[in-house]
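Descriptive structure summary
Here's the letter readout for the chains.
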Amino acid sequence: MRKPTSRLTLLKKVPTGINGFDEITGGGLPAGRPTLVCGSAGCGKSLFGLEFLIRGATEYGDPGVLMTFEESADDIRKNVASLGFDIEALIAKKKLVIDFVRVERGEIEEHGEYDLEGLFIRLAHSIAAIGAKRVVLDTIETLFAGLSNEAILRSELRRLFGWLKERGMTTVITGERAGDQLTRQGLEEFISDCVIFLDHRVVGHVSTRRLRVVKYRGSTHGTNEYPFLIDENGISILPITSSDLEYEVSTERVSTGVPGLDEMLGGLGYYRGSTVLLSGTAGTGKTSVAAHLAQATCARGERCLFFSFEESASQILRNMRTVGVDLQPFVRQEVLLIHSARPTVYGLEMHLVQIHKMIAQFQPAVVIVDPVSNLKTAGTIEESSALFIRLIDFLRKKGILGFLVSLTSGANALEATDEGISSMVDTWLLLRDLESNGERNKVLHVLKSRGMNHSNQVREFHITSKGVKLVDAYLGPAGVLTGSARLAQEAHEAADAERSKQEMERREMALSHRRNAMEAQIKALRAAFDADAEEFRKTADYERIRLGKIEIDREAMARSRRVTERSKKNNHK
Amino acid sequence: MKAMAPKKSRNETDHPDAPRPEAEWKLRLYVAGQTPKSLTAFANLRRICEEHLAGRYQIEVIDLMKHPELAQTDQIIALPTLVRKLPEPMKRIVGDLSNSERVVLGMNLEKLSGSPS
């Protein structure tokens, strides 16, 4: 065989082009070395190999050879056509060779010594034909079913992997899991550079695919299980461990779309790129608040991505129109995208990957998830809270305002979200019912809002045909009252006020009456007094006259008397 | 495809030129160069054929080193591989045919051993 032409450093890596895989491995698969991709049936290992080749050919210009032992070239062509890969074109452009190695049990008889040189020749021929750099062997263990001499097979496989390494082929070898072993024939003992394990688990009727890098010689790698998704774009792997707390924050504020709510949040609304949690019991108008945000966002000309896990897009549009929020034009202008899916349609991871992918495609400024609480039916509580943390991290990193709606069931404590995400969010709004006097009224609180001066008050929450309205709730000595109790209290107070006003008026009138009476009395007294005074004056005058007269009389008398006296005296003398 | 002519090919490739229009037994041996294994296989095959099918067989030897594309089209994995093209059904035997007893059984030659050669 040919001697290696160049010495490859251990850390040189070949990007797979598989969404997310190159991130978790720090660059891809070890260059020029074989990698074992193993897992049980249906775990996606063949697709992994195939995508490695297709992406290599289309994105990195590396021609590749697929040697398939299980599916015919025709089957593969059909299978990947549904994934949106055009294999025919790649084959025509000499970027890809598919060689189907048919091995059937019992068809071949073995007599004496043999080797697998035929396989080597085929592979060498294919590699030479297109100048391949990548090779996939899927699933080579099938040989063990067709040929019975294990000793020969094992030594030949060892030779094959060595041969591929010598030629500097970056190779993916798939193997099927059996029992405790990674592969049925223990291929892992031949391939020591890189081993990737794919898993397809079903928990609670929901399946989740996971990928784990079991070993990667000469390279650091995440040891976690990474959830992945297979959809029309192939494999998408979601790295969890790349989530850290380093991200830019914005001081820019965006409107909530509800005027009263902006006021409650320091008059300016949410921070751009922050995370808002709105929790509340059923029927409190959570979706309406979300719709207002969508409307405000789209009206600014920014994009909004609305994930609905309860209602269909048309249902949301119809319902929101009845409360005066018409989102239809925004959908038409493609600034609003409503994505509806049943939570149980696939596993949590799949949802998250889906969300990631749609965000990457749509590039929204605001992402609404309504409700996040529904998603936990697609997995365990533990998983869902891990998922939300990752989702929040992801949104923050991208500077996207995340608006998460959480339905709190009536039995639960309102301020306890089972998703356990309340500590993660920046702003937490709580919508609740207050039940009193035979009615339920909605009130809105701002439980927390980091980095802003937010209202500590409770607002009454009204859904009108012109949208959501926040009304100052009655705050008085009788407590916080809402709804008709508030109205009753207000009427009561008004009546009270009226009553006291009337009372005052009455009193005032009485007083003025009394004043009048008093004044009349004073008048009367004065009149009487005047009369008395007059009389007195008259009497006095009379007296004076009389007294004067008496004086006069007396003087006259005296005069007369003096006269007599004198005469008397005269008489005496 | 081109038949490789081994040193003593009188019995094999000469037969189509014989009066019989078509050989009853058409055998094809795939090898990769003149390796000890392929030479052993060829020698064994010829010996067995002479013993059981003298005059009624044709052996075509294909060297995949010269025609690597045939490995894919003819679904060859292991070498050497012997393919019985005729009589139908097609049969494959891999190995250097060192155990002639079993080759005879595998090729259903034992019925013929009593027949005139």
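A brief look at the structure comes next. (Residues numbered from 1 in each chain as written. Chains lettered and ligands numbered in written order. Predicted model: local features only at pLDDT ≥ 70, side-chain atom pairs only at ≥ 80, totals over all residues.)

Thoughts on the overall build of chain B
What counts, and what does not: What counts as a helix is a DSSP run of H or I of at least four residues, what counts as a strand is a run of E of at least two, and both are numbered from the N terminus. Partly exposed residues are those whose C-beta has more than 12 but fewer than 20 other C-beta atoms within 10 Å; with 20 or more the residue is buried, with 12 or fewer it is exposed, and the C-beta atoms are placed from the backbone. By the convention adopted here, residues make contact when the C-beta atoms placed from their backbones lie within 7 Å.
A count of helical and extended segments in chain B gives four helices and four strands. In chain B, the succession of helices and strands from N to C terminus is α-β-α-β-α-β-β-α. Relative to its 117 residues, chain B shows a buried fraction of 38%. Counting contacts in chain B only where the partners sit at least 6 residues apart, residues at least 24 apart contribute 70% of the total.

Side note on the overall build of chain A
Each helix and strand counted, chain A has 14 helices and 25 strands in total. Counting only residues that meet the buried cut, chain A has 43% of its 573 residues in that class. Long-range contacts, defined as pairs at least 24 residues apart, comprise 72% of the intrachain contacts of chain A with a sequence gap of at least 6.

Some points on the interface of chain B and chain A
Which entries qualify depends on this criterion: Polarity classes work like this: nonpolar for Ala, Val, Leu, Ile, Met, Phe, Trp, Tyr, Cys and Pro, charged for Asp, Glu, Lys and Arg, and polar for all others, with Gly in that last group. Pairing between strands is defined by DSSP: at least two bridges between the two strands are required.
With 26 residues of chain B at the contact, the number on the chain A side is 22 residues. When contributions to the side of chain B that touches chain A are tallied by element, the ones reaching two or more residues are helix 3 (69-73), strand 4 (91-94) and helix 4 (100-106) of chain B. When its residues are assigned to classes, the side of chain B that touches chain A shows 14 nonpolar, seven polar and five charged. Across three bridges, the pairing between strand 6 (residues 108-110) of chain A and strand 4 of chain B is parallel. Bridge assignment links A:Glu109 to a residue of strand 4 of chain B, and that residue is B:Ile93.

Notes on the nonpolar core
Applied cut-off: Nonpolar cores are identified as sets of buried Ala, Val, Leu, Ile, Met, Phe, Trp, Tyr and Cys residues joined via C-beta atoms within 7 Å. How far each domain reaches was decided by an automatic or database domain assignment.
Among the nonpolar cores identified, the biggest contains 162 residues, and A:Ala294, A:Cys304, A:Ile368, B:Leu29 and B:Leu45 are the most heavily contacted of them. Both domain 1 (13-237) and domain 2 (253-472) of chain A contribute no fewer than three residues apiece to this core. When near neighbours in sequence (up to four residues on either side) are disregarded, A:Ala294 contacts A:Cys304, A:Phe306, A:Leu327, A:Leu336 and A:Ile368.

Notes on the sheet that holds strand 4 of chain B
Convention followed: Throughout, an axis means a line fitted to C-alpha atoms (over the contacting stretch in the case of helices), and angles, computed between N-to-C directions, take values from 0 to 180 degrees.
Read from one edge of the open sheet, five strands run 6(A)-4(B)-3(B)-1(B)-2(B), paired in mixed fashion. At either margin of the open sheet sits one strand with a lone partner, and together these are strand 6 of chain A together with strand 2 (57-63) of chain B. Each neighbouring strand pair of the sheet contributes to a mean axis angle of 25°, computed without reference to strand direction.

With respect to the sheet that holds strand 18 (residues 366-370) of chain A
Residue and element names in this part refer to chain A. Pairing is mixed across the open sheet formed by nine strands, whose spatial order is 17-16-18-19-15-20-21-22-23. Every other strand in the sheet has two partners, leaving strand 17 (336-340) and strand 23 (467-472) as the edge strands with one partner each. Strand-to-strand, the axes of this sheet are offset by a mean angle of 20°, without reference to chain direction. Here strand 16 (residues 304-308) pairs with strand 18 via five bridges, running parallel. Bridging from a neighbouring strand, Cys-304 pairs with Val-366 of strand 18. Against the sheet, helix 12 (residues 348-362) touches strand 16, strand 17 and strand 18, its axis set at about 160° to strand 16.

Remarks on the pairing of strand 2 of chain B
Selection criterion: Think of it like this: strands point away, you trace from the first strand over the helix to the second, and a clockwise trace means the crossover is right-handed.
Among the seven residues that make up strand 2 of chain B, five are buried, leaving the element largely enclosed by the rest of the structure. Traced from strand 1 (residues 25-31) of chain B through helix 2 (residues 36-53) of chain B to strand 2 of chain B, the parallel crossover comes out right-handed.

Remarks on the pairing of strand 1 of chain B
Residues and elements named next belong to chain B. Burial analysis of strand 1 places five of its seven residues in the buried class, the great majority of the element. Across seven bridges, the pairing between strand 1 and strand 2 is parallel. When the sheet's bridge partners are listed, Arg-28 is paired in strand 2 with Glu-60. Across five bridges, strand 1 lies against strand 3 (residues 81-86) in antiparallel orientation. Paired with Leu-29 across the strands is Leu-82, a residue of strand 3.

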